[in-house]
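Tertiary structure, described
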Amino acid sequence: MTHTPPWRRVCDCRCIIHYRQPRTTYNESGCACTITCATQPITLLTNQWGRSLFLDQSSGLWQVPAMANGTWDWDRATKIDTRADVYSVGLVIDHLLRQAANVLDALPD
């Protein structure tokens, strides 16, 4: 089984915008992708913050707010950068997610 990075996979969660399409942006209006979509990179659910954190294709840390019924507010997804209130915590989480991704990538198929 060959590893395919998430940004090269096609959507499998029946989102009306991305279904059977590659997904290269995360804050498109009308997106209904789930966190379990094949295009979604490594993800951390943060109940304390009411959002999910994930790495994008260039390994930048993003956040997406949770909505009711297990859906996600992709319109409000943003990259966590130096302007974010959680930037310093985000650096630690970013590092840990990268480590997890590297460990998973190193596993044999």
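Reference entry: report on the structure contained in this document. Bear in mind the structure is a predicted one, so any value in this text is a computation, not a measurement.

Conventions and cut-offs
Residues numbered from 1 in each chain as written. Predicted model: local features only at pLDDT ≥ 70, side-chain atom pairs only at ≥ 80, totals over all residues. Heavy atoms only, no water. Helix = DSSP H or I, 4+ residues; strand = E, 2+ residues; numbered from the N terminus. Buried < 20%, exposed > 50% of the residue type's maximum accessible area, 1.4 Å probe, protein only. Contact = heavy atoms within 4.5 Å. Lys, Arg positive; Asp, Glu negative; His and termini not counted. Charge placed at Lys NZ, Arg CZ, Asp CG, Glu CD. Expected span 1.5 Å × (residues − 1). Arc of directions from axis to C-beta. Polar contact = N/O pair within 3.5 Å; in protein donor to acceptor, adjacent residues only side chain to side chain.

Describing the overall build of the protein chain
Along the protein chain, the regular secondary structure elements total 1 helix and 4 strands. Traced from its N-terminal end to its C-terminal end, the protein chain shows the element sequence β-β-β-β-α. Split into buried and exposed, the 109 residues of the protein chain put 35% on the buried side. Considering only residue pairs separated by 6 or more positions, the protein chain has 39% of its internal contacts joining residues 24 or more positions apart. Taking the average location of the 10 positive side-chain charges in the protein chain and that of its 10 negative ones, the two points are 3 Å from each other.

Let's talk about unusual backbone geometry
For arginine 14, which is not glycine, the phi torsion reads 65 degrees and is therefore positive. Considering the arrangement of structural elements, one finds arginine 14 in the segment before strand 1 (43-46).

What to know about helix 1 (residues 87-106)
An ideal rise of 1.5 Å per residue puts 28 Å on 20 residues; helix 1 measures up with 28 Å between its terminal C-alpha atoms. Taken together, the buried positions of helix 1 are Gly90, Ile93, Asp94, Leu97 and Ala101. In a view along the axis of helix 1, the buried residues occupy a sector of 110 degrees, so they form one face of it. Turned more than 90 degrees away from the buried face of helix 1 sit Ser88, Asn102, Val103 and Ala106, all of them exposed. Elements in contact with the buried residues of helix 1: strand 1, strand 2 (51-55) and strand 3 (61-65).

Remarks on the side chain of glutamine 63
Relative to the elements of secondary structure, glutamine 63 occurs in strand 3. Among the polar contacts listed, one links the side chain of glutamine 63 to the side chain of arginine 51, at a separation of 2.4 Å. A distance of 2.6 Å separates the side chain of glutamine 63 from the side chain of threonine 78, its partner in a polar contact. If near-sequence neighbours (up to four positions away) are discounted, glutamine 63 is found in contact with Arg51, Ser52, Leu53, Phe54, Arg76, Ala77, Thr78 and Ile80.

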